[in-house]
Structures are given as structure tokens and as C-alpha cells.
Amino acid sequence: MQEQNQDINQKRDYTRKNQDINNQDNNQDIESDSIRAFAYLCPQCGKIALAARDSFALLASNWNPACSCGKSNLNIQFDGSFFHFQVPCGLCGEIHAASCTPDRILKATAAFNCPNTGDFCCFAGDAKQIQKRLPELESLSLSLSRAAENNQNNNLNQNASPFLNDIIMYEILSELRDIAARPNGIQCQCGSKLYKMRVRRASVDFICQDCGGRLRIPAASDQDLDDLCCHMRLVIPGKSL
Ligand SMILES: [Zn+2]
Ligand SMILES: [Zn+2]
Ligand SMILES: [Zn+2]
């Protein structure tokens, strides 16, 4: 309540001063200084959300400035002693609660950090100061979108290929072709030379068509390839034996 009274006094002083000096330019300077700015990283679109409001309006009522995407908004409340913020966090996706004295917002600049990542996710206060801090938020937003892009690319690669490791699978299949081309290269313990080959995500199966015996060749790692290259021939363990 004391803070509010101070502000009312300030307003009175300023009105009196204004009447005394009767200077329009001076009036505009004070007006622009009373504008407080807010910036946060939007968790929905990944961009920086910016908003500004007059000090008196901030003290007078709650405010929910939204990001230009319309999918997230800051919540600012003044309870007569403290400002309370609900900050949608673009770094971790949670909503963080923060409080501070009116002076920190009205006469300086407050920076709130994400408790999960330790980086600043919201600035509130002097517009010029915030403008200077924006590159911090911008570089965070850039590295986050790069990380998201990488994840997406990895997912796309995984979706595009049915194999765990394309290169290893290619090498394994080419090695198996060589082995199969040798006389009696692949045969079953039961004596059969008829088999089916089934290529899986991270292995290749050989199934004897006579006894149903099965041999699995792992095809996921360099080690799997090395192991296979030791073999001149492959023998399917027969089921009846
Ligand atoms: Zn947004
Ligand atoms: Zn966070
Ligand atoms: Zn067999």
C-alpha cells in the first residue's frame, strides 16, 4: 500500500511540476518513462513475446499480455505490495511463478530465470534495458529451435528407413550375398539347402524350409559386421537336432 501511495504522490508532484513548467516535451518524457516492457520466450511458437503497459495501469489492474501467436500469455498481478507473475516458459514448457517489489519493475528491470534450466526466460521493466537483453532470449530461442529441428530430422530418418542402422544393414546384406554365393555357403544342420531369408529392423533371419530351424544374424553394430565377416559359411541350427 505504501508503494501505491508513493506513486500517487509522485503523480501529484509530476502534475504540479507540469503545471509549473507547462512544458509539453517534459510531459512526454515522463510519460514514456512510465511505460514498462515485458518479454518472454513463448513455449508455443518459440518466438519472443513482447508487451508494454503504463505503470499506473499495471498498478491498477491485473494484466494478461499474450504472444502474437495467441497461444500463450503472461499473467501479471499487483496485490498492493508485490507484483506476481505467471510466466509461460519457452525453455522448459512449464509455467513459473515469480514475485518482486514494484520498484524492480517500475524503476529498474527484473530478470526471471527458469528453475529447470537456469537461463533467463522473462524480463520485465525498462524498455531500453529489455531491448538490450533480447539477444540473450533470441539466442536461446534459436538454439532451442535448432535442437527441435535435429530431433525432427532424427525422427524423420528413423521413419524413412526400416533399419536401425542403414549402413550396417547394407554391409551385412552384401556380406550375406557373398556367403550365399559360395558352394554350400548357407545350409541347415538337417542337411537342407532350402531356406528363407527375412530382413528385420536390426537383424536378418534364415529359416530352414525343411525343418523350420532358425538362424538370426544381428545387423545393428560394427561388431555385428565384424562377427559376420569371420564366417566363410553359415549353418542354420536344425530343429530336430
Ligand atoms: Zn507464441
Ligand atoms: Zn522453465
Ligand atoms: Zn533344417
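A brief report on the enclosed structure follows. (Residues numbered from 1 in each chain as written. Chains lettered and ligands numbered in written order. Predicted model: local features only at pLDDT ≥ 70, side-chain atom pairs only at ≥ 80, totals over all residues.)

## Side note on the overall build of the protein chain
Helix and strand counts for the protein chain come out as seven helices and 12 strands. Counting all 241 residues of the protein chain, 20% fall into the buried class. Partitioning the intrachain contacts of the protein chain with sequence separation of at least 6 by distance along the chain shows that 46% fall at a separation of at least 24. (Helix = DSSP H or I, 4+ residues; strand = E, 2+ residues; numbered from the N terminus. Buried ≥ 20, exposed ≤ 12 C-beta atoms within 10 Å, placed from the backbone. Contact = placed C-beta atoms within 7 Å.)

## Some words on the pairing of strand E2 (residues 48–54)
Taken together, the seven bridges between strand E1 (residues 35–41) and E2 define a ladder with antiparallel strand orientation. When the sheet's bridge partners are listed, Arg36 is paired in E2 with Arg53. Between the end of E1 and the start of E2, which pair antiparallel, lie six residues, with Gly46 showing a positive phi angle near 80 degrees. (Pairing = 2+ DSSP bridges.)

## Structural notes on the pairing of strand E3 (residues 75–78)
In the sheet, E3 pairs with strand E4 (residues 83–88) via four bridges, with the strands oriented antiparallel. Looking across to E4, one finds that Gln77 is bridged to His84. Between E3 and E4, which pair antiparallel in sequence order, lie four residues; one of them, Gly80, sits at a positive phi of approximately 100 degrees.

## What to know about the nonpolar core
Ala39, Tyr40, Leu41, Val87, Cys121 and Cys122 are the most contacted members of the largest nonpolar core, which totals 26 residues. If you list the elements that add at least two residues to this core, you get E1, E4, helix H4 (102–106), strand E7 (120–126) and helix H5 (127–160). Those residues within four positions of Ala39 in sequence are excluded, and the remaining contacts are Ile48, Ala49, Leu50, Cys122, Phe123, Ile130, Leu134 and Leu137. (Core = buried A, V, L, I, M, F, W, Y, C linked by C-beta atoms within 7 Å.)

## Some details on the sheet that holds E2
Strand order in the open sheet made by the four strands is E2-E1-E7-E6, with antiparallel pairing throughout. The two strands at the open ends of the sheet, each matched to only one other strand, are E2 and strand E6 (109–113). The sheet shows a mean angle of 10 degrees between the axes of neighbouring strands, direction not considered. Bridge count between E1 and E7: five bridges; the pairing is antiparallel. Along E7, the bridge assignment pairs Ala37 with Gly125. (Axes fitted to C-alpha atoms, helices over the stretch in contact; angles between N-to-C directions.)

## Thoughts on the sheet that holds strand E10 (residues 203–208)
With antiparallel pairing, the three strands of this open sheet are ordered in space as E9-E10-E11. Bordering the open sheet on either side are strand E9 (195–199) and strand E11 (214–218), each of which pairs with just one other strand. The mean inter-strand angle of the sheet, taken between neighbouring strand axes irrespective of direction, is 15 degrees. The sheet contact formed by E9 and E10 spans five bridges and is antiparallel. Note that in E10 the partner of Lys196 across the bridge is Ile207.

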